[in-house]
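Chain and residue survey
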Amino acid sequence: MRTPRLPPGSTRISTAAKDLLIGHQSRTFDLMDFRILGRMDVRSSGAAIDVRQPQTKLVLGLLLLEANRMVPTSSIVDALWAQAPPATAKAIIQNRIAELRRLLAESSATIITHHGGYALSADVRSIDVWVFKDQMEQARRESDARVRVKLLDGALGLWRGPLLADVAAGADGYAPALEEARLAAEECRAEALLSLGEHEPVVHRLLGLVADHPARERLVASLMTALARAGRLGEALEVYRRTWRWLDAELGIRPGRDLAELHDRLLTTNADAPAVPTVSVPAQLPRDLKAFAGRADALACLDEALATAQIVVVSGTAGVGKTALTVHWAHRVKDHFPDGQLYVNLQGFDHTQVPMRPEQALRQLLSALAAHLPLPGDYEAQRRRYHDILHGRRVLIVLDNAAGADQVRPLLPPASGCLVIVTSRYQLPSLVVTESAHPVELDVLPAPEARLLLTYRLGRKRVDAELDAVDDIVARCARLPLALAVAAARAATYPAFSLRTLAEDLSDNLSALSGGEHDTDIRAVLATSYRVLSADAARLFRLVGTHCGADFTLWAAASAGGLPVRAARPLLAELTRTHMIIETRLGRYTMHDLLRSYARELCDGPQPDVMRRLLDYRLRSALAADRSLLADRYQVELTPQLDSVTSESFAGLTQAVEWLNAERTSLVSAVTWAADNGFDAYAWQLAWALRTFLEWRGHTPDSLEAMNAAFSSADRLGDATAKLHLHRALAIAAQRLGDGTTASAHAEHALRLAPTVDDLGMLVRTHRDVARFFEDADRLEEAFRHAQQALDAARAGADDYIAGRMLNMVGWFHSALGRHDIALIYCRQSLDMLGETGRETQRACTLDSIGFALHGLGDYAEAAAYYERAADLNHTIGDLHTAASVLVNLGNTYEASGDLASAHNAWHRAAAIFDELRDTRSTEVRDQIARFR
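Just so you know, these numbers come straight off a predicted model, no measurement behind them. (Residues numbered from 1 in each chain as written. Predicted model: local features only at pLDDT ≥ 70, side-chain atom pairs only at ≥ 80, totals over all residues. Heavy atoms only, no water.)

Re helix α28 (residues 608-629)
End to end, α28 covers 31 Å across 22 residues, agreeing with the expected 32 Å (1.5 Å per residue, within 8%). Here α28 lies mainly inside the structure; 16 of its 22 residues are buried. (Helix = DSSP H or I, 4+ residues; strand = E, 2+ residues; numbered from the N terminus. Expected span 1.5 Å × (residues − 1). Buried < 20%, exposed > 50% of the residue type's maximum accessible area, 1.4 Å probe, protein only.)

Some remarks on the packing of helix α24 (residues 535-547) against helix α26 (residues 565-577)
In the contact formed by α24 and α26, the axes pass within 9 Å of each other and the chain directions differ by 80 degrees. It follows that α24 is roughly perpendicular to α26 by the angle criterion. Between α24 and α26, the residues in contact are D536, A537, L540 and F541 and A568, L571, L572, E574 and L575, respectively. Looking at the contact of α24 with α26 residue by residue, the classes come out as seven nonpolar, no polar and two charged. (Axes fitted to C-alpha atoms, helices over the stretch in contact; angles between N-to-C directions. Parallel < 35°, antiparallel > 145°, perpendicular 65-115°, else oblique. Contact = heavy atoms within 4.5 Å. Nonpolar A, V, L, I, M, F, W, Y, C, P; charged D, E, K, R; others polar.)

Concerning the packing of helix α29 (residues 653-676) against helix α30 (residues 680-696)
Axis separation between α29 and α30 bottoms out at 9 Å; the angle between their running directions is 150 degrees. Taken together, the axes of α29 and α30 lie roughly antiparallel to each other. Handedness of the crossing formed by α29 with α30: left-handed. Residues L660, N661, R664, L667, V668, A670, V671, A674 and A675 of α29 pack against D680, A683, L686, A687, L690, F693 and L694 of α30. Partitioned by chemical class, the residues of the contact of α29 with α30 number 13 nonpolar, one polar and two charged. (Left-handed = near helix turned anticlockwise from the far one by under 90°.)

Things to note about the side chain of E359
Looking at the secondary structure, you find E359 in helix α14 (residues 358-369). R357 is the oppositely charged side chain nearest to the buried, salt-bridge-free E359, at an N-O distance of 5.7 Å. Setting aside anything within four residues of it in sequence, one finds E359 in contact with L251, G252, I253, Y379 and Q382. (Lys, Arg positive; Asp, Glu negative; His and termini not counted. Salt bridge = Lys/Arg side-chain N within 4 Å of Asp/Glu carboxyl O.)

Some remarks on the pairing of strand β13 (residues 582-585)
Residues in a regular strand project their side chains so that they alternate between the two faces of the sheet. As defined by bridge partners, β13 adjoins strand β14 (residues 588-590) across three bridges and the pair is classed as antiparallel. Each bridged residue has a counterpart across the sheet, and for R585 the counterpart in β14 is R588. Hairpin geometry of β13 and β14 is characterised by an intervening segment of two residues between the two adjacent antiparallel strands and by a positive phi of about 85 degrees at G587. (Pairing = 2+ DSSP bridges.)

Purely geometric numbers; function is a separate question.
Written out as structure tokens, the structure reads:
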């Protein structure tokens, strides 16, 4: 925002108008009167114009503040929407301008459209803010003190409250300059009255103003002068003492020279002579914890910093034990600092006090270093003395609970022998970058160290007696040291209670983790971190903590908040800096369970809009990943994408599989949640998007859970296409789990539904899936028949690619039925139709079929070559289940050729994959290896 200014060429207020002001007569304008110094008041010929819509008020306010000058549309957008303006922002502004034009249609003010913005054409004498500034300018030039007072009274009388008091914060860029001008007017008025000998009006007016603005030393000086001249010298001196105390406590500074000299003139006593300077050896470290446990890695990191760094930043979330670690380590190494150990609590997250100013902290440090040395009144002189005292000395300085780098930087000594340890809930990256600080970032305790902490506090006998309960306590405290300490204190207070009882009491209950005081109340401690967040970051914390699962990506967070990624990114950075979330690896975030519980407490109910956005994000992202796995997969008509959702994109197969692996549990849970909560379209479409991945990676139980939940949604929707998709998937999942009856039922349902769906491609895929089902059931003739029907339907649809795939399937079943020579004809024709590049999934399948036919014909060497190519290609595309099956066939071929070493190698590779997939075929393969030793 630009600073308000009088437009060039604007008309000055006439002498007659000046006389009206001096005579304290009310302003009246024949045509328009705009008042924005307070609540907006717009009048035309004395009649009020009701501007109701808040955005319309703000737009009018901006135009009035820049009267007769163009306000760029971009500035209006920034004012109306601090972040993430909607796509329709310009249209909304046009609507607000149209509304203003309608409201002002009968007035002398007009709104002019410029290229790139708008301007309000109006007589500035009709706008109170411009009248105020003009009267101020006249008062500044006026030599007659009485006239100056009356001009200033008129200007100040225009203020009815803060600028645009009934409008949102969009005009904040103008308010500070105008507020400064108002206070300057008060200062000028008081000085003019004092020059006229009018003391009482000054006292009456300034008592309240000085209380509201204790740092305005000109106001303080005028009040002191007025009180002294009124014979109230004691009160004048008390005003100075109050001001001194306020400046010292809030800003860490002394009153300025002019005010101090005024005080000296009023004061008749002399100052005491300074004492003889002495330098102390401070020992200010807080008491060390006897029951300190764990943190071996962090202590080693600090030991390393002792030899290599001058500044260390220990950061971590609330309650993670930053101060305990720092104090424990400081006691261990204090002998390295014979000139003393300093400690200052900077109160960065104190619920009862504002963060300590650097000036205050500096005075505290100087007092510890030189208790009898009078402090210089000038801040820079204090810093020089601080540096002088530390020069050549070895001092350990602990700056605890820092609110930011700017609070710490003035306290850093230049001396190379000193070490500064800063603790903060923020990461303070600027200290790492500009001051070469050594970062030590604390996470929650590893489980063994968390158990050790409880052992130290409760005794080994009690812990060993209930190890399962101890593990539950550790989990329910999220391995957070403060929470563990509170839980241990409760257990120690009630030794007759079992640890199992305590563990059950802790179940998802922050209230159970209260030590009775603020600093040991987990909820209160977390709240101190939450309160320092910006409003937007706090909202995002609540949403991701409540809705995004165990961990989440930038895109998930953006979608939860309904934000563009560019707006979500700095908010996540803020949450990371404050350790409200943790970036576990680039672009993926998490938070510990107690923070997640706290976020749930802060959220207002289930928030279905947030869940809808997250479902949409998961569906679009899963589809993008699915297309990376199988680019030519049949596509379904989806629910329209929400404008406020940003989905993941993947550079290739590896990224897609990594995302699916990381999100698998939350994706399957999302299907179930959607089905249970009425989001039926999302339920079945998300399950469909996950089918390929879950089948390929052998997550058959997950697939069955997702497809069953989705089927109930498809049934409620009456969507035959959806039910057909899900019957096909459920048949394969049930067959893989060995439930032939259920698999057969789903296959039959799919066959009955397929002809009712007007989609030849779906008919092909249904016969193909049923063929696979019969193959798994060892009913090869029936499988062959359905494969042939799928091929016939594909040829009827003139789809060469699908026909190529079905040629391979028919060839495979010829081979399975012993017709290997015919199989080769079909499969090689399929490979020719598929081409040499792209469509890797089907090419891998066809290579496997050719290998099988060649094996059947006794051409083992050629068969092995095709199997190797098929296995490598399946592994590359991520279809591990098929890759393992191909390796079993490869081993069989090597065994048939007499090469048992190569056979064992292939089978071992297959068994390892089946182990990874938790597939029961691993046992079969290992039995096969044992048989051929």
